[in-house]
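Structural overview
Below, each chain spelled out in residue letters.
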Amino acid sequence: QTNEHKWGPYYHGYVTKLSDDLYGMGSRNKELYKKMLTLTNARAKTIATAYKDIMKKNLYADLRDEWTNTAEIQDFLEKFGKANLSA
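Now for a look at the structure at hand. The structure presented is a predicted model; accordingly, all values stated were derived computationally and were not measured.

Cut-offs applied
Residues numbered from 1 in each chain as written. Predicted model: local features only at pLDDT ≥ 70, side-chain atom pairs only at ≥ 80, totals over all residues. Heavy atoms only, no water. Helix = DSSP H or I, 4+ residues; strand = E, 2+ residues; numbered from the N terminus. Rg over C-alpha atoms; globule rule 2.2 N^0.38 Å. Buried < 20%, exposed > 50% of the residue type's maximum accessible area, 1.4 Å probe, protein only. Contact = heavy atoms within 4.5 Å. Areas by Shrake-Rupley, 256 points an atom, 1.4 Å probe, with all protein chains shown as cover. Lys, Arg positive; Asp, Glu negative; His and termini not counted. Charge placed at Lys NZ, Arg CZ, Asp CG, Glu CD. Core = buried A, V, L, I, M, F, W, Y, C linked by side-chain atoms within 4.5 Å. Phe/Tyr/Trp six-rings, centres within 6.5 Å; stacked < 30°, edge-to-face > 60°. Lys NZ or Arg CZ within 6 Å of the ring centre and 35° of its normal. Polar contact = N/O pair within 3.5 Å; in protein donor to acceptor, adjacent residues only side chain to side chain.

Below, the discussion takes up the overall build of the protein chain. Within the protein chain one finds 5 helices and 0 strands. From first element to last, N terminus to C terminus, the protein chain shows the α and β order α-α-α-α-α. For 87 residues, the compact-globule formula gives about 12 Å, and the C-alpha radius of gyration of the protein chain, at 12 Å, lands near that figure. Taking the principal axes of the C-alpha coordinates as reference, the protein chain spans close to 35 × 30 × 20 Å. In the protein chain, which comprises 87 residues, the proportion classed as buried is 39%. When contacts within the protein chain are restricted to residue pairs at least 6 apart in sequence, those whose partners lie at least 24 apart make up 68%. Carbon and sulfur atoms make up 52% of the accessible area of the protein chain, which totals about 5100 Å². In the protein chain, the 14 positive side-chain charges and the 11 negative ones have mean positions that sit 5 Å from each other.

So, in structure tokens, the structure goes:
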């Protein structure tokens with residue numbers, strides 16, 4: 001069973017975009033975080049759980065520690081907090 005099958009295209013897609021943004025060599029995907037601000041707490045928590053399952057890392061810690069942390073990331077972290085983003 002693949003991770004995409006396990007989490008479905010919706011959640012796997014978010015993990016892929018977050019991974020590309022955090023570990024890719026491109027510029028920060030500010031639109032991703034603006035879009036994610038519209039998520040419910042439950043969806044944000046599920047994305048964090050999928051991120052941990054697929055990436056073997058903590059989404060909250062990865063975003064908080066990102067050296068190119070932007071206002072968009074800070075807004076996302078503030079809205080959902082450690083409780084929702086630490087799977």
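Once that is clear, we can look at the nonpolar core. Judged by nonpolar contacts, the single largest core of 23 residues is most densely connected at Leu18, Tyr33, Met36, Ile47, Leu59, Leu63 and Leu85. Of all elements in the fold, only helix H1 (3-23), helix H2 (30-36), helix H3 (41-55), helix H4 (59-65) and helix H5 (71-85) reach the threshold of two or more residues within this core. The element contributing the most residues to this core is H1, with 6 residues. Those residues in contact with Leu59 that sit more than four places away from it in its chain are Leu18, Ile47, Ala48, Tyr51 and Leu85.

The next point concerns the packing of aromatic side chains. Counted according to the given criterion, the structure contains 4 aromatic pairs. Arranged with centres 4.9 Å apart and planes meeting at 90 degrees, the rings of Tyr10 and Tyr11 form a pair that is edge-to-face. Note on Tyr10: relative accessible area 35%, which makes it partly exposed. Cluster of aromatic residues (ring-pair linked, three or more members): Tyr10, Tyr11 and Tyr14. Across the ring face of Tyr14, the terminal group of Lys17 is positioned such that the distance to the ring centre comes to 6.0 Å. Lying across the ring of Tyr10, Arg43 places its NZ or CZ 4.7 Å from the centre.

Within the element layout of this structure, Arg28 appears in the loop between H1 and H2. For Arg28, a relative accessible area of 15% corresponds to the buried category. Within the structure, Arg28 has its side chain in polar contact with the side chain of Glu66 (distance 2.9 Å).

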